[in-house]
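Inside the fold
If you want the building blocks of each chain, they are given just below.
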Amino acid sequence: MEPSGSDETGHPGTRSSGGHPTAGPGGGQRPRGGGDAATAPGAGGKGRRRQERRELTRAALLGAAEKLWAERGIHGASLDDVAAAAGLTKGAVYSNFAGKTDLLLALLERYTRERIGTEICDELRDAAKPLGERFEQAGRIYARRLGGDDARLLALLLVEFWLYGMRDYAAGWRLADWYAERREVIARRLSPADGVDTEQRAALAMAVDFGLAFQHLLDPEGVPAELYATGMRLVLADALDGGEAPGT
């Protein structure tokens with residue numbers, strides 16, 4: 001529960017005790033009807049500001065958790081640590097998330113909105129371009145992604161999520177759902193071919209995407225990021241519009 005004296009943002013705030021209505025002028029109860037807070041002038045603006053503060057608080061907590069969990073591991077950074085890194089109270093965490101697993105799932109949802117694991121599909125599906133050109137372009141995009149500042153952090157977090165899911169039954173099921181959702185997005189853009197259904201090809205495509213990244217980040221010379229184009233061609237070439245069997 002949130003400590004008394006702080007609102008859902010984790011900063012000092014005020015509230016009526018015991019959940020009773022706030023006393024009006026002269027100690028009387030606030031009148032209902034036309035003077036109700038819901039219809040009072042400016043009530044909508046206050047509600048919007050409150051929602052904006054809440055969104056900023058959630059974003060600060062997610063950012064702090066992302067950084068700490070990548071550096072220390074999920075089990076190595078407590079919710080107290082996350083709150084402190086965000087400059088908030090632990091009460092702010094529990095006002096926005098049910099606990100560590102809920103915070104982890106919120107991070108996964110953010111990655112879903114950012115299309116992690118599916119962002120190159122559009123390039124491969126561009127039937128206006130020759131298939132070979134599509135794979136080459138996808139490889140260049142993948143290499144730029146792995147060369148960015150966030151690549152190492154994201155790889156560490158994905159490994160941490162997997163480890164946490166292997167140890168926590170409920171988190172494991174939700175993590176499995178997240179991977180399934182990523183596979184479905186990819187599979188919808190493919191066609192069955194050579195007796196391999198689209199879901200299976202999507203699983204192989206994700207294995208290339210994530211697995212190559214993990215190897216490249218440890219050994220960039222031995223496993224160049226551009227190898228992505230070759231891997232995706234082997235897995236997806238005959239399942240894309242205008243595709244042909246690899247090697248033809």
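Let us look at the structure shown here. (Residues numbered from 1 in each chain as written. Predicted model: local features only at pLDDT ≥ 70, side-chain atom pairs only at ≥ 80, totals over all residues. Heavy atoms only, no water.)

In terms of helices and strands, the protein carries ten helices and zero strands. The order of α-helices and β-strands along the protein, N terminus first, is α-α-α-α-α-α-α-α-α-α. Within the protein, counting contacts between residues at least 6 apart in sequence, those at least 24 apart form 61% of the total. Counting only carbon and sulfur atoms, one obtains 54% of the accessible surface of the protein, whose full area is about 13,800 Å². (Helix = DSSP H or I, 4+ residues; strand = E, 2+ residues; numbered from the N terminus. Contact = heavy atoms within 4.5 Å. Areas by Shrake-Rupley, 256 points an atom, 1.4 Å probe, with all protein chains shown as cover.)

The full count for this structure, using the stated rule, is four aromatic pairs. Ring geometry for Tyr142 versus Tyr228: centroids 4.1 Å apart, planes at 15°, classification stacked. Remark: Tyr228 occurs in helix α10 (residues 227–236) and Tyr142 occurs in helix α6 (residues 131–146); sequence separation between them is 86 residues. With centroids separated by 5.2 Å and ring planes inclined at 75°, the aromatic side chains of Trp178 and Tyr179 adopt a geometry described as edge-to-face. Trp178 sits in the buried class, given a relative accessible area of 0%. Here the aromatic cluster, defined as three or more aromatic residues joined through ring pairs, consists of Trp178, Tyr179 and Phe210. (Phe/Tyr/Trp six-rings, centres within 6.5 Å; stacked < 30°, edge-to-face > 60°. Buried < 20%, exposed > 50% of the residue type's maximum accessible area, 1.4 Å probe, protein only.)

Across the interface, helix α8 (residues 169–187) lies against helix α9 (residues 198–218) with an axial gap of 8 Å and an inter-helix angle of 110°. By the angle between their axes, α8 is roughly perpendicular relative to α9. Crossing angle aside, the handedness with which α8 passes α9 is right-handed. Of α9, the residues touching α8 (which contributes Tyr179, Arg182, Arg183, Glu184, Ile186 and Ala187) are Thr198, Glu199, Ala202, Ala203, Met206 and Phe210. Class assignment for the residues of the contact of α8 with α9 results in seven nonpolar, one polar and four charged. (Axes fitted to C-alpha atoms, helices over the stretch in contact; angles between N-to-C directions. Parallel < 35°, antiparallel > 145°, perpendicular 65-115°, else oblique. Left-handed = near helix turned anticlockwise from the far one by under 90°. Nonpolar A, V, L, I, M, F, W, Y, C, P; charged D, E, K, R; others polar.)

This model, assessed by the stated rule, comprises eight salt bridges. When the shortest N-O distance is used, the salt bridge between Arg110 and Glu66 registers 3.0 Å. Taken together, the positions of Arg110 in helix α4 (residues 100–113) and Glu66 in helix α1 (residues 43–72) put the pair 44 residues apart, joining distant regions of the chain. A relative accessible area of 16% means that Glu66 is categorised as buried. Between Glu71 and Lys67 there is a salt bridge, with the nearest N and O atoms lying 2.7 Å from each other. Within this pair, Glu71 and its partner Lys67 are both found in helix α1, separated by four residues, close to a single helical turn. A relative accessible area of 54% means that Glu71 is categorised as exposed. For Lys67, a relative accessible area of 47% puts it in the partly exposed group. (Salt bridge = Lys/Arg side-chain N within 4 Å of Asp/Glu carboxyl O.)

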